[in-house]
Amino acid sequence: MARITRDRLALYSAALAEKGLRPPVAPPLPLRADRTRAPLSRAQERLFFLELYEPGTPVHNDAVAVRIEGALDELRLWRAFQAVAERHEVLRTAFVLGPDGPEQHVHAPAEARPVLAARDCAGAGDALATARRLAVEEARRPFALEQAPLWRATLLRLGPADALLVVTMHHLVSDGASMGLLFDELAQAYAEPQARRAPLAAQFGDFAADERARGAAPRLALERDFWRATLAPARTLEWPARRGPASRAGAQVALALDAAGVAELGARARAAGATSNHWLLATWLAWLGAQSGASAPCTGFASSLRRRRELEPLIGFFVESLPLVVPLAAEEPFAALVARVRAAAFAAVEHGTLPFDEIARSAGATPLALQAFFSHMHAAIRAPELPGARTSWSFVDPGVARFELALVLHEAPTGLTGFLELDHGVFAPGSGAELAAGWQRLLAATLARPAEPLATLVAAADLRGTERGAERRPGRALPPRRAAGA
């Protein structure tokens, strides 16, 4: 589940060198001959058809706001954006239905310049409030997939030396790591506009073409058998406080874990032979089980596809969604659940060559529909460092929900931060804060007493009702784990 970063590769190489060995050298990623076209990756294709089914929606938009306090050269900033777009083909790409299916069409830099705009909010009564409202409007404005580029930036001026930069990207051309890469390259191009950077070894279209060329045909039967068995216990998550069907309207509730908590999380995870990602995922599954009463809750989780060195510096959609079903046992120590989640997650990634739609159909007569989702990005997203200015960034909540419940986390210099996203068709608008607080209480309980039974930790977390004004109640009891075949 963890991304193969340069640091991880360096440690691996050093360990082999101590034994007089060398790491295997993978052949370079094949480069496609036609630089103006490429097939869609499997993950892109799924998202493309979802967008066709639900056109004109902002549900697949990702938006962040960067606060810039200090000196800012706007022309220099726009030129820096253009330099980044020239460097990455995916930032100049449109998506169209061709004769053989959907295609990526890569435009020349002059044909798909970034959509950059500036607006003055300084004259408003509350400039920051006005800018935040406009930021949400930007985040909610949909893209036309056939028109490149599928990203834009807007500078909202708050005063002579104060501004809010809103960057909105369609998920077809980005992921969480991409936003960090965009910020890094933007800062470099702004600080040294005349500097020439080494060309990228490959582009996103090369990755998509190679993925399509390799395919998954030789392992289809094996993959289907694995997912059929894995998804057999999955059931619809029944929320006691369900208001109605999912509506796609929702909200994000911020949550965070400070640096000391992150250090404790890492230590606990290592002691259990796992990573912090596995610990957080186990907590999420336990929390879902407590909220829904499910004995084997199912969640989707984000699996990074950046498994080659050439892909590390690329902006693009390098994430696959994989389902995870793990039975819960009330009497089991939480650390044991972490170990089982670790094993299940690694197995899911190993068998993740099957497209998600095929995985979903492996569930049986009714294809699996993910209600819950988990994402934890290890690489920290840092605000672009602009000379003469102080910068910070935050997510922009567009008021939409991709799932009924989703937990999105990423590393930050101050610790761990992110948000809980909930669908207001399913959960009352006022319930988000308590849901997020309940998850954080459960995480704190698992870190304080990882050897205690799961049911004890759930009770200690004091999970409550999810309806606004609902009577406070303890979390739902977890059923004992049934023996195989019972």
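Residues numbered from 1 in each chain as written. Predicted model: local features only at pLDDT ≥ 70, side-chain atom pairs only at ≥ 80, totals over all residues. Heavy atoms only, no water.

Colleague: Honestly, the pattern of salt bridges in this entry has me stumped. Any pointers?
Modeller: Between side chains of opposite charge, pairing is possible as soon as their charged atoms come close. Applying the stated criterion across every chain, the model contains 28 salt bridges. For Arg35, the salt bridge identified is with Asp206, shortest N-O distance 2.7 Å. You can see Arg35 sitting in the loop between helix H1 (6-18) and strand E1 (37-39) and its partner Asp206 sitting in helix H6 (residues 204-214), a full 171 residues away along the chain. Residue class for Arg35 comes out partly exposed when judged on its relative accessible area of 30%. Salt-bridge contacts for Arg157 lead to Glu74; the nearest nitrogen and oxygen are separated by 2.7 Å. Of the two residues, Arg157 sits in strand E6 (residues 151-159) while Glu74 sits in helix H3 (residues 74-87), which places them 83 residues apart along the sequence. Classification of Arg157 as partly exposed rests on a relative accessible area of 27%. Among the residues examined, Glu74 registers a relative accessible area of 24% and is labelled partly exposed. Put simply, Arg32, Arg35, Glu89 and Asp206 are held in one network by salt bridges that share partners. (Salt bridge = Lys/Arg side-chain N within 4 Å of Asp/Glu carboxyl O. Helix = DSSP H or I, 4+ residues; strand = E, 2+ residues; numbered from the N terminus. Buried < 20%, exposed > 50% of the residue type's maximum accessible area, 1.4 Å probe, protein only.)

Colleague: How should the packing of aromatic side chains be read in this particular structure?
Modeller: Aromatic ring pairs are defined here through the distance separating the ring centres and the angle between the ring planes. In the structure shown here, the tally under the stated rule is 13 aromatic pairs. Ring centres 5.1 Å apart and planes at 65 degrees place the aromatic pair Trp279 and Phe334 in the edge-to-face group. Linking Trp279 in helix H9 (residues 276-292) with Phe334 in helix H10 (residues 334-350), this pair joins segments that are 55 residues apart in sequence. An angle of 5 degrees between the planes, with centres 4.8 Å apart, marks the rings of Phe373 and Phe403 as stacked. Residue Phe373 is located in strand E11 (residues 372-377), and its partner Phe403 is located in the loop between strand E12 (389-395) and strand E13 (405-412); the two are separated by 30 residues in the primary sequence. Note on accessibility: Phe373 and Phe403 belong to one class, buried. Here the guanidinium or amino end of Arg152 rests over the ring plane of Phe143, the centre of that ring lying 4.3 Å away. (Phe/Tyr/Trp six-rings, centres within 6.5 Å; stacked < 30°, edge-to-face > 60°. Lys NZ or Arg CZ within 6 Å of the ring centre and 35° of its normal.)

Colleague: It is not clear to me how the confidence of the model for the chain should be interpreted in this structure. Could you clarify?
Modeller: Fine structural detail should not be taken from predicted coordinates in areas where pLDDT scores are low. Overall, the prediction assigns the chain a mean pLDDT of 89, with 89% of residues at 70 or greater. Here H1 is the element of the chain with the lowest mean pLDDT, 56, and strand E7 (residues 162-170) is the one with the highest, 98. pLDDT under 50 marks residues 465-486. Its contacts with residues more than four places away, or in other chains, come to 49 contacts. (pLDDT = per-residue confidence, 0-100. Contact = heavy atoms within 4.5 Å.)

Colleague: What is the right way to look at the pairing of E7 in this model?
Modeller: In summary, the side chains of a regular strand alternate between the two faces of the sheet. A large share of E7 lies buried, amounting to 9 of its 9 residues. Every second residue of E7 is oriented toward a common face, with Asp162, Leu164, Val166, Thr168 and His170 on one face and Ala163, Leu165, Val167 and Met169 on the other, all of them buried. As paired elements, strand E2 (residues 61-70) and E7 share 9 bridges and run antiparallel to each other. Residue pairing across strands places Asp62 opposite Met169, the latter belonging to E7. Summarising the sheet, E6 and E7 pair through 8 bridges and their orientation is antiparallel. (Pairing = 2+ DSSP bridges.)

Colleague: It is not clear to me how the environment of Gly438 should be interpreted in this structure. Could you clarify?
Modeller: Residue placement: Gly438 occurs in helix H12 (residues 432-448). Given a relative accessible area of 2%, Gly438 falls into the buried group. Sequence separation of Gly438 and Trp287 is 151 residues, and the distance between their C-alpha atoms is 8.2 Å. Discounting residues that sit within four places of it in the chain, Gly438 has contacts with Trp287, Ala461 and Leu463.

Colleague: Is there a simple way to think about a nonpolar patch on the surface in this case?
Modeller: On the surface, Phe49, Leu52 and Leu97 cluster together into a nonpolar patch covering about 290 Å² of accessible area. On the basis of relative accessible area, Phe49 is assigned to the partly exposed category, the value being 39%. (Patch = residues over 30% accessible without salt bridge, like charges linked within 9 Å, V, L, I, M, F, W, Y side chains within 5 Å. Areas by Shrake-Rupley, 256 points an atom, 1.4 Å probe, with all protein chains shown as cover.)

Colleague: Is there a simple way to think about the sheet that holds strand E3 (residues 93-98) in this case?
Modeller: Each strand in a sheet pairs with its neighbour through backbone hydrogen bonds, running either in the same direction (parallel) or in the opposite one (antiparallel). With antiparallel pairing, 3 strands are arranged side by side in an open sheet as E1-E4-E3. If you trace the sheet from one side to the other, it starts and ends with E1 and E3, each paired once. Averaged over neighbouring strand pairs, the angle between their axes works out to 35 degrees when direction is ignored. Note that E1 and strand E4 (residues 101-106) share 3 bridges and pair antiparallel. Within E4, the position partnered with Pro39 by the bridge is Glu103. Running at roughly 75 degrees to E3, helix H2 (residues 42-53) makes contact with E1, E3 and E4 of the sheet. (Axes fitted to C-alpha atoms, helices over the stretch in contact; angles between N-to-C directions.)

Colleague: Is there a simple way to explain the sheet that holds E7 in this structure?
Modeller: An order of E5-E6-E7-E2-E12 is seen for the 5 strands of this open sheet, with the pairing classed as mixed. In this open sheet, the two edge strands, each paired with only one partner strand, are strand E5 (115-120) and E12. Ignoring strand direction, the axes of neighbouring strands in this sheet form an average angle of 20 degrees. Helix H5 (residues 176-191) rests against E2, E7 and E12 of the sheet, and its axis sits at about 135 degrees to E7.

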